[in-house]
Amino acid sequence: MFSHIMIGTNDLDKAKTFYDHLLSTIEVRPARVDGHRIFYITKTGVFSVSKPINGEPATCANGGTIGFACNSPEQVDAWHAAGLAAGAKSIEDPPGVRQGPGGKLYLAYLRDLDGNKICAMHRLAN
C-alpha cells in the first residue's frame with residue numbers, strides 16, 4: 001500500500017547515526033544520504049528522514065506511529081535495546097505481547113531523538 005514513509009528531523013547526522021544503529025537490528029543497511037535527507041531502501045519499502053524543506057523546525061506527529069516489521073520477539077527486543085542505547089526513550093508498556101484485532105502481537109515502543117513515536121512489531125502465531 002505504501003511506497004515510502006518520511007519523518008522529519010532537526011539533526012540529520014544524529015538521526016542517521018540513530019537509525020543506522022536501530023535498523024541494523026532488523027537487517028536494514030545504513031542509510032543513503034541525499035542532501036538534506038537519508039533513505040533506507042528495502043524490498044518492502046522506503047523509510048526516510050529529512051530536514052524540513054520549508055526551513056521550519058521538524059515536529060513529531062501527535063497520534064502518529066511508524067511501525068517496523070520484525071521476524072521474531074527476539075528481534076523486537078534487540079531493536080528496543082538498540083534504540084535505548086542510541087538515546088531513544090522507552091514509552092508505553094515494556095516490550096511484550098499485546099492482543100490486537102488481528103491476533104497476538106509482540107510490540108515495543110520508543111520515541112526517537114526528535115520525539116517521533118516508533119514501534120517494532122512481530123505477529124505471533126494464533
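- Under an unreviewed UniProt entry, the protein chain has the name VOC family protein and belongs to Bradyrhizobium amphicarpaeae.

### Side note on the pattern of salt bridges
Okay, step 1: Evaluation of the coordinates by the stated rule reveals 3 salt bridges.
Okay, step 2: Two residues, Arg37 and Asp34, come together in a salt bridge whose shortest N-O distance is 2.9 Å.
Okay, step 3: The closest approach of N and O atoms between Glu92 and Lys117, which form a salt bridge, is 2.5 Å. Residue Glu92 is found in the loop between β6 (89–90) and β7 (96–100), and its partner Lys117 is found in strand β9 (residues 117–123); the two are separated by 25 residues along the sequence.

### A closer look at the pairing of strand β3 (residues 37–42)
Okay, step 1: Sheet analysis places strand β2 (residues 32–34) next to β3, joined by 3 bridges and oriented antiparallel. What sits directly across from Val33, in β3, is Ile38.
Okay, step 2: Counting the residues that bridge the hairpin from β2 to β3 gives 2 residues, and of these Gly35 lies at a positive phi of roughly 65 degrees.
Okay, step 3: As paired strands, β3 and strand β4 (residues 45–50) are joined by 6 bridges and run antiparallel to one another. Bridge assignment links Tyr40 to a residue of β4, and that residue is Phe47.

### Description of unusual backbone geometry
Okay, step 1: With phi around 65 degrees, Glu27 is a residue other than glycine that occupies positive phi space.
Okay, step 2: By the element assignment, Glu27 lies in the loop between α1 (12–24) and β2.
Okay, step 3: Phi is positive for Glu92, close to 60 degrees, though the residue is something other than glycine.

### Observations concerning the environment of Lys89
Okay, step 1: By the element assignment, Lys89 lies in strand β6.
Okay, step 2: Spatially, the C-alpha atom of Lys89 lies 5.4 Å from that of Leu110, the residues being 21 residues apart in sequence.
Okay, step 3: In this view, Lys89 contacts Leu84, Tyr109, Leu110 and Arg111; residues no more than four positions away in its chain are not counted.

### Overview of α1
Okay, step 1: Over its 13 residues, α1 runs 18 Å from end to end, which matches the ideal 18 Å to within 8%, given 1.5 Å per residue.
Okay, step 2: Turning to α1, its buried residues are Leu12, Ala15, Lys16, Phe18, Tyr19, Asp20, Leu22 and Leu23.
Okay, step 3: Where α1 begins, one side-chain oxygen reaches toward the backbone nitrogen of Asp13, 3.3 Å away; that side chain belongs to Asp11.

### Regarding the pairing of β9
Okay, step 1: A large share of β9 lies buried, amounting to 5 of its 7 residues.
Okay, step 2: Here strand β8 (residues 103–111) pairs with β9 via 7 bridges, running antiparallel. When the sheet's bridge partners are listed, Arg111 is paired in β9 with Lys117.
Okay, step 3: Following β8, the chain reverses through 5 residues before pairing antiparallel with β9; Gly115 in that reversal takes a positive phi of roughly 90 degrees.

### Quick look at the packing of aromatic side chains
Okay, step 1: Within the structure shown, the criterion is met by 5 aromatic pairs.
Okay, step 2: Judged by centre distance (5.1 Å) and plane angle (80 degrees), the ring pair of Phe47 and Phe68 falls under edge-to-face. Linking Phe47 in strand β4 with Phe68 in strand β5 (residues 66–69), this pair joins segments that are 21 residues apart in sequence.
Okay, step 3: The class for Phe68 is buried, based on a relative accessible area of 10%.
Okay, step 4: Members of the aromatic cluster, each reached through a chain of ring pairs, are Phe18, Tyr19, Tyr40, Phe47, Phe68 and Trp79.

Calculation criteria
Residues numbered from 1 in each chain as written. Predicted model: local features only at pLDDT ≥ 70, side-chain atom pairs only at ≥ 80, totals over all residues. Heavy atoms only, no water. Salt bridge = Lys/Arg side-chain N within 4 Å of Asp/Glu carboxyl O. Helix = DSSP H or I, 4+ residues; strand = E, 2+ residues; numbered from the N terminus. Pairing = 2+ DSSP bridges. Contact = heavy atoms within 4.5 Å. Expected span 1.5 Å × (residues − 1). Buried < 20%, exposed > 50% of the residue type's maximum accessible area, 1.4 Å probe, protein only. Polar contact = N/O pair within 3.5 Å; in protein donor to acceptor, adjacent residues only side chain to side chain. Phe/Tyr/Trp six-rings, centres within 6.5 Å; stacked < 30°, edge-to-face > 60°.

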